[in-house]
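Tertiary structure, described
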Amino acid sequence: MNSFNWSSWIRPAIRNLRPYSSARDEFSGEALVFLDANENPYENGFNRYPDPRQMLLRNRISDLLKLPVDSIFLGNGSDEAIDLLFRAGCEARNDRALAITPSYGMYSVCADIQGVGLDKVPLNDDFSLSSERLLEAATDSHKLLFLCSPNNPSGNLLSTEEIEKLLKGFRGVVVVDEAYIDFSTSEGLMRLLPQYPNLILLRTFSKAWGLAGVRCGMALGHPDLIRILMQIKYPYNLNQLTQQAVMDRLNAVDLVYEQVQEIRREREILVSELEGITGILQVYPSDANFVLVRVAQANEVYNKLVDRGLIIRNRSNQDLCEGALRITIGTPEENKQLIREIKTILQ
Ligand SMILES: *Cc1c(COP(=O)(O)O)cnc(C)c1O
């Protein structure tokens, strides 16, 4: 086991924090009468505060992932976990963070909000990960390193071997955002958690699980960090409706797997259709539920699709992404429509 000291990584103010203790935190067990939280006593389904520690849901996820419950944090989307990681570990103005580029936009938004400088290190030209480049850029003031696998917007899985070099060589916390892992052929890095206490994984119910509107994401990692995240989150960060909707979806896991299979099949069809279109210069292989393509006139193609009521993501202003458009895999009908429109525009 790697040596990593969570308590010296955490900001002193957070280390010494006395967290808010809610009525429901202070009592656990069976009771008949609750006169502790100033709730309206008349039942309507929502008159009680939800469980701030989300024990039913976290135990259920623990069974699913085969991971101890004290390694699981649930947030209002994985975006909440990204924000809390900055707030837990990074002192405004002094500390810095590292991230690969191109990648997900929230890492730099959360860095900016906390007043933390984010240094972006480009992936290789084929979007593969270079641990060497990242380790060259890393200093002792870098508290966090953000990786994303499969990466958004490039769609590729990052090499586990390269990530392990970073886990060994980087002095701070390595966050691997696995928002799209369920669409990939990989199991993800959960098996590395016992070995690397400085590894944090982000997962979400927003993509494969089909619950973007519900807002629930996960951080998986060392219990010392999970405890801190639980202390600094809003006490009731997951409302009762969210907890229930996620539980219902977990009970429909077979349907989720079927949909993921269907989306993966559609991805292969879409990729081969796109490859056949003259005017599309490159279709990048994808382990996610989107594909990145390169075209000669990205802005023009994007605008013409918008005019036809079809919205994709123009990524052509991102690093290494000149001429790049990101297309989410839709239903078979939606994908056919997309192909039809792109053909009309490009041919
Ligand atoms: C969509 C996405 C997320 C999900 O964020 P939520 O807040 O859980 O909806 C996280 N990371 C990446 C890279 C994403 O693309």
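Everything here concerns the structure above.
What about the site of the ligand?
Lining the immediate surroundings of the ligand are 13 residues, of which Asp-177, Tyr-180, Thr-204, Ser-206 and Lys-207 lie closest. The separation between an oxygen atom of the ligand and a polar side-chain atom of Asn-152 is 2.8 Å. A distance of 2.6 Å is found between an oxygen atom of the ligand and a side-chain nitrogen or oxygen belonging to Tyr-180. When the ligand sits alone it has 390 Å² of accessible area, and the protein chains cover 94% of it. Split by residue class, the shell around the ligand holds four nonpolar, five polar and four charged.

Focus on the packing of helix α12 (residues 298–307) against helix α13 (residues 332–346)
At a minimum axis separation of 10 Å, α12 and α13 run at an interaxial angle of 125°. The pairing of α12 with α13 is recorded here as oblique in orientation. Here the hand of the crossing between α12 and α13 comes out right-handed. In contact with Val-301, Lys-304 and Leu-305 of α12, α13 contributes Glu-341, Ile-342, Ile-345 and Leu-346.

Some words on the sheet that holds strand β6 (residues 199–204)
An order of β1-β7-β6-β5-β4-β2-β3 is seen for the seven strands of this open sheet, with the pairing classed as mixed. Every other strand in the sheet has two partners, leaving β1 (72–75) and β3 (117–122) as the edge strands with one partner each. Mean inter-strand twist for the sheet, computed between neighbouring axes without regard to direction, equals 25°. Of the pairings in the sheet, the one linking strand β2 (residues 96–101) to strand β4 (residues 142–148) comprises four bridges and is parallel in character. Counted as the bridge partner of Ala-97 is Leu-144 from β4. With respect to the sheet, helix α6 (residues 106–114) is in contact with β2, β3, β4 and β5 (173–177), its orientation differing from that of β3 by roughly 155°.

Topic: the packing of helix α5 (residues 78–89) against α6
Two numbers describe how α5 lies on α6: the axes approach to 9 Å, and their chain directions differ by 40°. Judged by the inter-axis angle, α5 sits oblique to α6. The way α5 lies across α6 gives a crossing that is right-handed. Judged by residue contacts, Asp-79, Ile-82, Asp-83, Phe-86 and Arg-87 of α5 engage Met-106, Tyr-107, Cys-110, Ala-111 and Gln-114 from α6. Class assignment of the residues belonging to the contact of α5 with α6 gives a composition of six nonpolar, one polar and three charged.

What to know about the pattern of salt bridges
What the rule picks out here adds up to 16 salt bridges. With a shortest N-O distance of 3.9 Å, Glu-273 and Lys-343 are connected by a salt bridge. Residue Glu-273 is found in helix α11 (residues 253–275), and its partner Lys-343 is found in helix α13; the two are separated by 70 residues along the sequence. Exposure remark for Glu-273: the relative accessible area of 35% places this residue in the partly exposed category. With relative accessibility at 33%, the residue Lys-343 sits in the partly exposed group. One salt-bridge network, in which partners are shared between bridges, spans Glu-39, Glu-43 and Arg-48.

Calculation rules
Here the residue index of a chain counts from 1 through its sequence in written order. Residues qualify for local features only when their pLDDT is at least 70, as the model is predicted, and side-chain atom pairs are given and counted only at 80 or more; totals for whole chains, interfaces and linings, by contrast, use all residues. Computation of side-chain values covers all heavy atoms of the structure but excludes hydrogens and water. In this text, near means that some heavy atom of the residue lies within 4 Å of the molecule or strand in question. Pairs of N or O atoms are called polar contacts if they sit within 3.5 Å, as long as, within protein, a hydrogen donor faces a hydrogen acceptor (for residues adjacent in sequence, only side-chain-to-side-chain pairs). Using a 1.4 Å probe, the Shrake-Rupley method yields the accessible areas, and only the shown protein chains count as cover for residues. Note that Gly is not counted as nonpolar here; it falls among the polar residues with everything else outside the nonpolar set of Ala, Val, Leu, Ile, Met, Phe, Trp, Tyr, Cys and Pro and the charged set of Asp, Glu, Lys and Arg. Note on geometry: axes are C-alpha line fits, over the in-contact stretch for helices, and angles between N-to-C directions span 0 to 180 degrees. Helix and strand assignments follow DSSP, with helices taken as H or I runs no shorter than four residues and strands as E runs no shorter than two, numbered in order from the N terminus. For this classification, under 35 degrees means roughly parallel, over 145 means roughly antiparallel, 65 to 115 means roughly perpendicular, and everything else is oblique. The sense of a crossing depends on the near helix, which, turned anticlockwise from the far helix by less than a right angle, makes the crossing left-handed and, turned clockwise, makes it right-handed. The criterion used for residue contact is that any of the two residues' heavy atoms lie within 4.5 Å. One bridge is not enough; two strands pair if DSSP finds at least two bridges between them. Any Lys or Arg side-chain nitrogen found within 4 Å of a carboxyl oxygen on Asp or Glu counts as a salt bridge. Relative accessibility thresholds used throughout: buried, under 20% of the residue-type maximum; exposed, over 50%; partly exposed, between the two (1.4 Å probe, protein chains only).

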